[in-house]
Amino acid sequence: MIVIQQNDFDVGEEYKALVADDTAAGAVVTFVGRVRDLNLGRDVLGLHLEHYPGMTEKSLQAIVDEAQSRWKILRWKIIHRIGDLHLGDNIVFVGVSSAHREDAFHAAEFLMDYLKTRAPFWKKELTKAGSVWVESQEKDLQAAKRWE
Amino acid sequence: MIVIQQNDFDVGEEYKALVADDTAAGAVVTFVGRVRDLNLGRDVLGLHLEHYPGMTEKSLQAIVDEAQSRWKILRWKIIHRIGDLHLGDNIVFVGVSSAHREDAFHAAEFLMDYLKTRAPFWKKELTKAGSVWVESQEKDLQAAKRWE
Amino acid sequence: MITVLFFAQLREQLQCEKLSVELPADSSVTGLREKLIELHPTWLEFLASDKLLFSVNQTLVKASHVIQNGDEVAFFPPVTGG
Amino acid sequence: MITVLFFAQLREQLQCEKLSVELPADSSVTGLREKLIELHPTWLEFLASDKLLFSVNQTLVKASHVIQNGDEVAFFPPVTGG
C-alpha cells in the first residue's frame, strides 16, 4: 500500500501489519528515513516536503511493480510524509516481507533508491541561514543505476 | 547491544531505542527473521534453537566490530531468541542506524549474512515427520562471501 | 487546452502553480516550452535549464513527446524525496 | 586438563555434552580428536566428518591449532542460526 500523509507513522504497527497471520514471511526489512541535523554541511532545523498529487502515487506504484517483477515479495508498504517536518521526524517508511532475506533486503533497498530518483517529491530545507530547495545528488543517481 | 534471550522482542520499541534523541540518524534499517511454514519443502511446525553461551556473544561482537570498520554506524542492536519457537514467531532482530541509507542497509545485510554463517546457533526443526537438525546452506555461504 | 503545472523551486521562480494554454496540433513538450517563453519572456532563464523534468498525464516523458489536447503537462526540477 | 564441549546434532550423536581429558603437551585439535576416538571408538563416524567446526576458548580455529592446558575446546556442526 502507498500512503502519502502529513501525519507520522508507527514503525511497530507497520511491522505488525506486514507479518499478521502470514507464516510464510520468513524475513521482514523496514527502512525509515528521518530529518537529520546535518545535510551536506548545512545545519538543518526542519524540512518542507512538496509532492505532485496523483503522479507521486502513480510513480511509486510503478516502482513497486518493478520490484515485484525482480523479487518475491509477500507484503509491502510505502509511507511518505509531506508538509512541514522537524529535526528527528520520520520522513519515509518502506517495509517488505518475503520468504527469504535476500529478497526482502534487495527489494527494500531498490524501492528507496528508485523513490529517491523517480518519485516526484521535493524537499526545502529550513536552516539558520534561511530556507533553500535541496539539490538532487549524484550519489543517489549512482545508487539507482546499480539496479539497471 | 547483543541480546540472547528466550523472550520475544518488540520491533516498535527497538526502533524507538535506535533513534531516541539522535538527530544524526537519517536512516534506520531493521531486519526480522521469523519461523516460516515451509523450509526447503518441509512443513515446519516449530523450531528449537541451541547456542554456545559465551562464544555466541563473542562471535556476534566480532561481526559487529567488522561492520563498524566498514560502515559508519550510529547505533545497532542484535537480538537472537533461543529455545522453543513456534510458527510465525520472531527469531532474530538486527537494527542499524546511520546518517545515510547505504551504510544502514549494507551494515544490516552484512550482519545477517555473517550471523548466519559464523555465530554458533543451531536450529532443530519440528515437522510432522519428526524433528531434524537443519543443514547449513550453500546459499548462505555464498551470501557471506560477497563481503570478502 | 493544455493544463500546465509547475512544482518546487520552479513554481516559486515563475510565481505560477498552474496555467492553461492553447497549442497547435502535434506540439511537443519543447514546443510548449517555447510557447510559454513567448507568453512570459522572463521565464526564459528558468525554463531553459537542461535539468528540468517533464511529465505528461503524470508519466515522465522526453522533450520530444507530442502533447494531445486535454493533456496535463508538468515541469519540475530533479526530485529530492525520501 | 582440557574441557571439551559438543553441540547440536553432534552432542546428540555422541550422547555427550561436556567432558574433561588429559592431553600430551603441544597436542593440536586433530590430536584431541584422535584421543577422543581412542577413548570412545564408537565416536569415530561422527568425529571424522570434515564438516565439523572447532573452537578453542570460544574462537574458531583450524584443526592444526595447538591446545594449551586449561583450554576450552568445542566441536560442532556448521551453524544454522538467524
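Up top you'll find the structure we're talking about.
These remarks concern the structure in this document. (Residues numbered from 1 in each chain as written. Chains lettered and ligands numbered in written order. Predicted model: local features only at pLDDT ≥ 70, side-chain atom pairs only at ≥ 80, totals over all residues. Heavy atoms only, no water.)

1. Some remarks on the overall build of chain C
Put simply, the rule reads: Secondary structure elements follow DSSP: runs of H or I no shorter than four residues count as helices, runs of E no shorter than two count as strands, and numbering proceeds from the N terminus. The size measure is the radius of gyration over C-alpha atoms, and the globule rule it meets is 2.2 Å times the number of residues to the 0.38 power. Each residue is assigned to one of three classes by its accessible area relative to the maximum for its type, calculated with a 1.4 Å probe on protein chains only: buried under 20%, partly exposed between the two thresholds, exposed over 50%. Any two residues whose heavy atoms approach within 4.5 Å at even a single point are treated as in contact. Method for areas: the Shrake-Rupley scheme with a 1.4 Å probe, in which residue coverage is limited to the protein chains shown. This count recognises Lys and Arg as positive and Asp and Glu as negative, with His and chain-terminal groups excluded. Every charge is mapped onto a representative atom, which is NZ of Lys, CZ of Arg, CG of Asp or CD of Glu.
In terms of regular secondary structure, chain C is built from 3 helices and 5 strands. Reading chain C from its N terminus to its C terminus gives the helix and strand order β-α-β-α-α-β-β-β. By the compact-globule yardstick of 12 Å for 82 residues, chain C fits well, its C-alpha radius of gyration being 12 Å. Projected onto its principal axes, the C-alpha positions of chain C cover 35 × 30 × 20 Å. Relative to its 82 residues, chain C shows a buried fraction of 46%. Considering only residue pairs separated by 6 or more positions, chain C has 54% of its internal contacts joining residues 24 or more positions apart. A total accessible area of about 4300 Å² is found for chain C, and carbon and sulfur atoms account for 50% of it. Averaging the coordinates of the 6 positive side-chain charges in chain C and doing the same for the 10 negative ones gives two points 5 Å apart.

2. Re the overall build of chain A
Check the secondary structure of chain A and you find 4 helices and 9 strands. For chain A, the α and β elements follow one another from N to C terminus as β-α-β-β-β-α-β-β-β-α-β-β-α. For chain A, whose C-alpha radius of gyration is 16 Å, the value lies close to the compact-globule estimate of 15 Å for 148 residues. Expressed along its principal axes, the backbone C-alpha trace of chain A runs to roughly 50 × 35 × 30 Å.

3. Looking at the interface of chain B and chain A
Note the threshold: Buried area is calculated as the accessible area (1.4 Å probe) missing from two parts once they are joined, with the contributions of both summed. Salt bridges are defined as contacts in which a side-chain nitrogen from Lys or Arg sits within 4 Å of a carboxyl oxygen from Asp or Glu. Any pair of nitrogen or oxygen atoms within 3.5 Å is treated as a polar contact; in protein, a donor-acceptor pairing is required on top of that, and neighbouring residues in sequence qualify only through side-chain atoms on both sides. Nonpolar residues are Ala, Val, Leu, Ile, Met, Phe, Trp, Tyr, Cys and Pro. Charged residues are Asp, Glu, Lys and Arg, and all others, Gly as well, are polar.
Contacts between the two partners involve 38 residues from chain B and, on the opposite side, 38 residues from chain A. Interface of chain B and chain A: buried area, both sides summed, is about 3200 Å²; carbon and sulfur atoms make up 50% of it. Three residues stand out in chain B for area buried against chain A, namely Arg34, Arg101 and Phe105 of chain B, and they jointly supply 23% of the buried area on that side. Taken together, chain B and chain A are joined by 6 salt bridges. Here lysine 139 of chain B and glutamate 102 of chain A are joined by a salt bridge, their closest N and O atoms 3.8 Å apart. Counting across the chain B and chain A interface gives 23 residue pairs in polar contact (both at pLDDT 80 or more). Listing elements by their share of the side of chain B that touches chain A, those giving two or more residues are helix 1 (11–19), strand 2 (27–34), helix 3 (101–118) and helix 4 (138–145) of chain B. For the side of chain B that touches chain A, the element with the most residues is helix 3 of chain B, which contributes 9 residues. Among the residues forming the side of chain B that touches chain A, the class breakdown is 17 nonpolar, 9 polar and 12 charged.

4. Notes on the interface of chain A and chain C
When the parts come together, some accessible area is lost, and that loss is often what is quoted as the size of the interface. Residue-level contacts link 25 residues of chain A with 21 residues of chain C. Buried area between chain A and chain C, both sides added, is near 1900 Å², and the carbon and sulfur share of it is 54%. One can count 2 salt bridges joining chain A with chain C. Linking lysine 124 of chain A and glutamate 12 of chain C is a salt bridge whose minimum nitrogen-to-oxygen distance equals 2.5 Å. The interface formed by chain A and chain C includes 13 residue pairs in polar contact (both at pLDDT 80 or more). Counting residues per element, the ones that place at least two in the side of chain A that touches chain C are strand 4 (42–51), helix 2 (55–70), strand 7 (90–98), helix 3 (101–118) and strand 8 (121–127) of chain A. The element that contributes the greatest number of residues to the side of chain A that touches chain C is helix 3 of chain A, accounting for 5 residues. Looking at the side of chain A that touches chain C residue by residue, the class counts come to 13 nonpolar, 5 polar and 7 charged.

5. Some words on the relation of the copies chain B and chain A
Both copies of the chain are tied together by a single rotation about an axis and a shift running along it. This is how the line gets drawn: To line up the copies, we fit them by least squares on C-alpha atoms, keeping just the residues with pLDDT of at least 70 in both.
Rotating chain B by 180° and moving it 0.0 Å along the rotation axis overlays it on chain A with an RMSD of 0.0 Å. Here the transformation between the copies is reduced to the relation of a two-fold axis. Closest approach to the rotation axis within chain B is made by the C-alpha atom of glycine 12 of chain B, at a distance of 1.7 Å. Here 100% of the interface residues in chain B have copies in chain A that are interface residues too; the copies meet face to matching face.

6. Quick word on the layout of surface pockets
The following threshold applies: Buriedness of a pocket was judged along seven lines, with at least five required to meet protein on both sides within 12 Å; pockets are open sets of points on a 1 Å grid over the protein atoms alone, cavities are sets where a 1.4 Å probe fits but cannot get out, and lining residues have an atom within 4 Å of a point. Grid points are joined across faces, edges and corners, and a volume is the space filled by probe spheres set on the points.
There is about 710 Å³ of room inside the second largest pocket. Residue lining of the second largest pocket: 40 residues in total, with Lys116, Lys123, Gln137 and Asp140 of chain A together with Gly81 of chain C positioned closest to the centre. Only strand 2 (27–34), strand 4, helix 3, strand 8 and helix 4 (138–145) of chain A together with helix 3 of chain B provide two or more residues apiece to the lining of the second largest pocket. When residues of the lining of the second largest pocket are assigned to their parent elements, the largest contribution, 5 residues, is made by helix 4 of chain A. Here the lining of the second largest pocket is built from residues that sort into 16 nonpolar, 10 polar and 14 charged.

7. Brief notes about the pattern of salt bridges
Residues and elements named next belong to chain B. Taken as a whole, this structure holds 24 salt bridges over all chains when the rule is applied. Residues aspartate 8 and arginine 81 are paired through a salt bridge, measuring 3.5 Å at the closest nitrogen-oxygen approach. Linking aspartate 8 in the loop between strand 1 (2–5) and helix 1 with arginine 81 in strand 5 (residues 75–81), this pair joins segments that are 73 residues apart in sequence. For arginine 81, a relative accessible area of 9% gives the class buried. Arginine 146 is paired through a salt bridge with aspartate 113; the nearest N and O atoms lie 2.6 Å apart.

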